[in-house]
Amino acid sequence: MQKSHKMKRTLRDGGIALAHKKKPQRQVWRIWVDTQRRLVSFHEAPGCQLLEFYSYELFQSCLDGYTAQRYRYQ
C-alpha cells in the first residue's frame, strides 16, 4: 500500500479497514498588483491587490499583459 494512503476503521462500515487517498493540493500562483504605481509584486505589498491563479498558463498570460503595459516587477 502506498504511503499516501491511511487506514481507517469506522463502526458504520463494520470495522472494515478502508484506504483513503489524500486529495492532491491544487497549485496556486499569486501576485499583488498596484495599478496606481504600475507595480507587480511576487510577495504581499501594501496598497496592492492580490490576484490568485489556478492555471499556470493564465498566470503567465497575465504577467505578459502587465509587461506589455510596462509595469515594474519586484
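That block above? That's the structure.
Computed from a predicted structure; not experimentally measured. (Residues numbered from 1 in each chain as written. Predicted model: local features only at pLDDT ≥ 70, side-chain atom pairs only at ≥ 80, totals over all residues. Heavy atoms only, no water.)

Peer 1: I'd like a rundown of the sheet that holds strand β5 (residues 49-53), residues and numbers included.
Peer 2: Read across the sheet, 4 strands follow the order β5-β3-β4-β6 without closing on themselves; strand pairing throughout is mixed. Each edge of the open sheet is held by one strand with a lone partner, namely β5 and β6 (72-73). Where strand β3 (residues 29-34) and strand β4 (residues 39-41) come together, 3 bridges link them in antiparallel fashion. Following the sheet pairing, tryptophan 32 is matched in β4 by serine 41. Contacts from helix α1 (residues 56-68) reach β3, β4, β5 and β6 within the one sheet, and its direction differs from that of β3 by about 25°. (Pairing = 2+ DSSP bridges. Helix = DSSP H or I, 4+ residues; strand = E, 2+ residues; numbered from the N terminus. Contact = heavy atoms within 4.5 Å. Axes fitted to C-alpha atoms, helices over the stretch in contact; angles between N-to-C directions.)

Peer 1: Tell me what's going on with unusual backbone geometry, and back it up with residues and numbers.
Peer 2: Positive phi is not limited to glycine here, since arginine 38 has a value of about 50°. Position of arginine 38 relative to the elements: it lies in the loop between β3 and β4.

Peer 1: Explain the packing of aromatic side chains to me, and be specific about the residues and the numbers.
Peer 2: This structure, assessed with the given rule, holds 6 aromatic pairs. When the ring of phenylalanine 42 is compared with that of tyrosine 73, the centres are 6.1 Å apart and the planes differ by 15°; the resulting orientation is stacked. With phenylalanine 42 in the loop between β4 and β5 and tyrosine 73 in strand β6, this residue pair connects regions lying 31 residues apart in the sequence. The exposure class of tyrosine 73 is partly exposed, given its relative accessible area of 34%. Centre to centre, the rings of tyrosine 56 and phenylalanine 59 are 6.3 Å apart; their planes meet at 40°, and the pair counts as tilted. Taken as a pair, tyrosine 56 and phenylalanine 59 lie in helix α1 at a separation of 3 residues, close to a single helical turn. The class for tyrosine 56 is partly exposed, based on a relative accessible area of 41%. Following the ring pairs from residue to residue traces out a cluster consisting of Trp29, Phe53, Tyr56 and Phe59. (Phe/Tyr/Trp six-rings, centres within 6.5 Å; stacked < 30°, edge-to-face > 60°. Buried < 20%, exposed > 50% of the residue type's maximum accessible area, 1.4 Å probe, protein only.)

Peer 1: An account of the environment of tryptophan 32 is needed here, citing residue identities and associated values.
Peer 2: With respect to the helices and strands, the residue tryptophan 32 is situated in strand β3. A relative accessible area of 13% means that tryptophan 32 is categorised as buried. Between the alpha carbons of tryptophan 32 and glycine 47 there is a distance of 8.9 Å; along the sequence they are 15 residues apart. Those residues in contact with tryptophan 32 that lie beyond four places of it in its chain are Leu39, Val40, Ser41, Phe42, His43, Glu44, Ala45, Cys48, Gln49 and Leu50.

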